[in-house]
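Geometric and topological summary
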Amino acid sequence: KIDFAHFVIAGLMALTVVYAPSRKTLVDKNFEGWSLDILSLINHFIFIPLVQGLLVYSLLALLMPTLKGTLEFGWIAALACNMAIDYAWYWNHRAFHTQTKLWNLHAVHHEPNKLDVFASSRNSLITPLFMVYMWLVPLVLYLAMDPLPFLTFAGLGLIINFWGHTEFNLPRDSAIRKVFSY
């Protein structure tokens, strides 16, 4: 099953190939660069959700069985929750840049000379274990009575993150540029 966020991210990747000024960089990227990017995307979209779903969610069920599905919040609370997690991520990301051991794990994310959506989730395989998203998202999903509002904003946040790792050069009069410029 492909959800909306992954569909949009796939579209961003396609648009990157078509419109990015660094399109030549994509062609010139070496085997090592492509391998790292592809492995990181697989890690980001397959293994991390599996670990979150199987390990973290199961651990929560073991530690807090009576709290499952007890948090009832609407769209505004879900937005506030996502903003709080994003704020925690801001400080988490700053820690990656200031602490030597964390930087050693995260530095691979900043290796590409040109920004491209394919390298956006590039990290070492264990870096996600030190990211607040890894632990807080399954916690909220475990506690939430209805996860749809939270997942909607989390999906939008994921799209925004991938959009921030693109370098589009869209034509001025294109509909896509008008929509995304907002």
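Here's a quick rundown of the structure. Small disclaimer: the values here were computed from a predicted structure and weren't measured.

For the rest of this paragraph, the subject is the overall build of the protein chain. In terms of helices and strands, the protein chain carries 8 helices and 0 strands. Seen in sequence order, the protein chain has helices and strands lined up from the N terminus as α-α-α-α-α-α-α-α. Classification of the 182 residues of the protein chain by burial places 34% in the buried group. Excluding contacts between residues fewer than 6 apart, the proportion of contacts in the protein chain whose partners are at least 24 apart in sequence is 76%. Accessible area for the protein chain stands at about 11400 Å²; split by element, carbon and sulfur atoms hold 69% of it.

Going through the model one piece at a time under the given rule, you end up with 2 salt bridges. The salt bridge involving Arg 122 is made with Glu 111; its shortest N-O contact spans 3.9 Å. In this pair, Arg 122 is assigned in the loop between α5 (100-106) and α6 (132-143) and Glu 111 in the loop between α5 and α6, connecting sequence segments 11 residues apart. On the accessibility criterion, Arg 122 (5% relative accessible area) is buried. Among the charged side chains, a network of salt bridges with common partners joins Asp 37, Glu 111 and Arg 122.

In a regular helix each residue adds 1.5 Å, so 24 residues correspond to 34 Å; helix α4 (residues 75-98) covers 35 Å between its end C-alpha atoms and thus fits that length. For α4, the set of buried residues is Ala 78, Cys 81, Asn 82, Ile 85, Trp 89, Asn 92 and Phe 96. Here the buried face of α4 lies against α5, α6 and α7 (148-164).

For the rest of this paragraph, the subject is the nonpolar core. Judged by nonpolar contacts, Phe 73, Ala 78, Cys 81, Ile 85, Val 137, Val 140, Ala 144 and Phe 150 together constitute the single largest core of 8 residues. At 3 residues, the largest contribution of residues to this core is made by α4. Within the second largest apolar cluster, 5 residues are counted, among which are Trp 89, Phe 96, Leu 105 and Met 131.

Before going further, it helps to examine helix α3 (residues 31-63). Taking the largest bend as the criterion, α3 deviates by roughly 40°, centred on Asn 43. Among the residues making up α3, those that are buried are Gly 33, Asp 37, Ser 40, Leu 41, Asn 43, Ile 48, Gln 52, Val 56 and Leu 60. Between the side-chain oxygen of the N-cap and the backbone nitrogen of Glu 32 there are 3.3 Å, and the N-cap of α3 in question is Asn 30.

One way to put it is that α4 packs onto α7 with a least axis distance of 8 Å and a crossing angle of 45°. As judged from the angle between their axes, α4 and α7 are oblique. As α4 packs across α7, the resulting crossing turns out to be right-handed. Each of Trp 75, Ala 78, Leu 79, Cys 81, Asn 82 and Ile 85 in α4 lies in contact with α7, whose residues at this interface are Leu 148, Pro 149, Phe 150, Thr 152, Phe 153 and Ala 154. By residue class, the composition of the contact of α4 with α7 is 10 nonpolar, 2 polar and no charged.

Positionally, Gln 52 belongs in helix α3. A relative accessible area of 17% means that Gln 52 is categorised as buried. At 3.4 Å, the side chain of Gln 52 forms a polar contact with the backbone oxygen of Met 134. Once you skip the residues sitting within four places of it in the chain, Gln 52 turns out to touch Tyr 57, Tyr 133, Met 134, Val 137 and Pro 138.

Bringing the environment of His 44 into the picture now. If you trace the backbone, His 44 turns up in helix α3. The sequence separation of His 44 and Pro 128 amounts to 84 residues, and the corresponding C-alpha distance is 8.5 Å. Setting aside residues no more than four positions away along its own chain, His 44 makes contact with Pro 49, Ser 121, Leu 158 and Phe 162.

Cut-offs applied
- For every chain, the first residue of the written sequence is number 1, and numbering continues from 1 onward in sequence order.
- Only residues with pLDDT of at least 70 are given local features in this predicted model, and only at 80 or more are side-chain atom pairs given and counted; all residues enter the totals for whole chains, interfaces and linings.
- The side-chain quantities take in all heavy atoms of the structure and omit both hydrogens and water.
- Numbering goes from the N terminus for both helices and strands, where a helix is a DSSP run of H or I of at least four residues and a strand is a run of E of at least two.
- Exposure is judged per residue with a 1.4 Å probe applied to protein chains only, and the accessible area is read against the type maximum: over 50% gives exposed, under 20% gives buried, and values in between give partly exposed.
- Residues are treated as being in contact if the distance between any of their heavy atoms lies within 4.5 Å.
- Values of accessible area rely on a 1.4 Å probe in the Shrake-Rupley scheme; residue burial ignores everything except the protein chains shown.
- By salt bridge we mean one thing: a side-chain nitrogen of Lys or Arg within 4 Å of a carboxyl oxygen of Asp or Glu.
- For a helix, the expected span equals 1.5 Å multiplied by the number of residues minus one.
- Residue types Ala, Val, Leu, Ile, Met, Phe, Trp, Tyr and Cys, when buried and joined through side-chain atoms within 4.5 Å, form a set referred to as a nonpolar core.
- Note on bend: at a given residue it equals the angle between the axes fitted to the 7 residues ending there and to the 7 starting there.
- N or O atoms closer than or at 3.5 Å make up a polar contact, with two conditions inside protein: a donor-capable atom paired with an acceptor-capable one, and, for residues adjacent in sequence, both atoms drawn from side chains.
- Geometry is summarised by axes, namely lines fitted to C-alpha atoms with helices restricted to the contacting stretch, and by angles between N-to-C directions that run from 0 to 180 degrees.
- In this scheme, roughly parallel covers angles under 35 degrees and roughly antiparallel covers those over 145, while 65 to 115 is roughly perpendicular and the rest are oblique.
- Less than a right angle of anticlockwise turn of the near helix away from the far helix marks a crossing as left-handed, whereas a clockwise turn marks it as right-handed.
- By the convention adopted, Pro, Cys, Tyr, Trp, Phe, Met, Ile, Leu, Val and Ala count as nonpolar, Lys, Arg, Asp and Glu as charged, and the other residues, Gly among them, as polar.

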